[in-house]
Amino acid sequence: QVQLVESGGGLVQDGGSLRLSCAASGSIFRINAMAWYRQAPGKQRELVAGITSGGSENYADSVKGRFTISRDNAKNTVYLQMNSLKPEDTAVYYCNGYVQSSWNWAAKDYWGQGTQVTVSS
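Fair warning: this is a prediction, and the values are worked out from it, not measured in the lab.

Asker: Teacher, can you tell me more about the pairing of strand β11 (residues 115–120) here?
Answerer: Put simply, side chains in a regular strand alternate between the two faces of the sheet. Burial along β11 is one-sided: the face carrying Thr115, Val117 and Val119 is buried and the face carrying Gln116, Thr118 and Ser120 is not. Here three bridges tie strand β9 (residues 91–100) to β11, and the two strands are oriented antiparallel to one another. Following the sheet pairing, Tyr93 is matched in β11 by Thr115.

Written out as C-alpha cells, the structure is:
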C-alpha cells in the first residue's frame, strides 16, 4: 500500500502565500506523475497543477503565474508553492500520485486525505 500525507494548509490573507507538501510512503517502486487537485464547497474537484517524473509541469489557467509545483524524487515528495493567494483559491487541496508499487505491477492512482486552504478577504 501507498500513503500520501499532505501538510502546510491553513488560513492566510488575500495576497499571502502558503507552501503545501505531500510525502509518499509505503510500497513504492516508482512514482510517475504527481499532482495537486482542489475542491471548493459545492464544486467538483479540479486539477490545480501536475508534474511528471521528468519534471514537466502543467497548471490550471486560474493559477498560472501564481502557483509553482515541484518535486523531490529522492524524498518522494511533491510541493505546491502558492503565492498571491485569492479568496477563490479557498478549497481542500488533495495530493495525487500515480504510483507503481512493484516492477511488474501496473501503476495506480493514490490520494492524500486533503488539507484545507482558506484565503480571507
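Asker: Would you mind showing me how to read the packing of aromatic side chains here?
Answerer: Enumeration according to the criterion identifies one aromatic pair in this entry. The ring of Tyr79 is capped by Arg19, whose NZ or CZ atom sits 4.1 Å from the centre of that ring. The positively charged end of Arg45 is found above the aromatic ring belonging to Trp111, 4.8 Å away from the centroid.

Parameters and conventions
- Residue indices follow the written sequence of each chain, beginning from 1 at its first position.
- Only residues with pLDDT of 70 or above have their local features reported here, since the model is predicted, and side-chain atom pairs are shown and tallied only from 80 upward, although totals for entire chains, interfaces and linings are computed over all residues.
- By convention in this description, side-chain values take in all heavy atoms of the structure and omit both hydrogens and water.
- When a residue's accessible area, from a 1.4 Å probe over protein chains only, is under 20% of the maximum for its type it is buried; when over 50% it is exposed; and in between it is partly exposed.
- Strands are runs of DSSP state E lasting at least 2 residues, helices are runs of H or I lasting at least 4, and numbering of each runs from the N terminus.
- Note on pairing: two strands pair once DSSP finds at least 2 bridges between them.
- A pair of Phe, Tyr and Trp rings is counted when the ring centres sit within 6.5 Å of each other, with Trp represented by its six-membered ring. The angle between the planes then sorts it: under 30 degrees is stacked, over 60 is edge-to-face, the rest tilted.
- Whether a charge lies above a ring is judged from NZ of Lys or CZ of Arg, which has to be within 6 Å of the ring centre and within 35 degrees of the ring normal.

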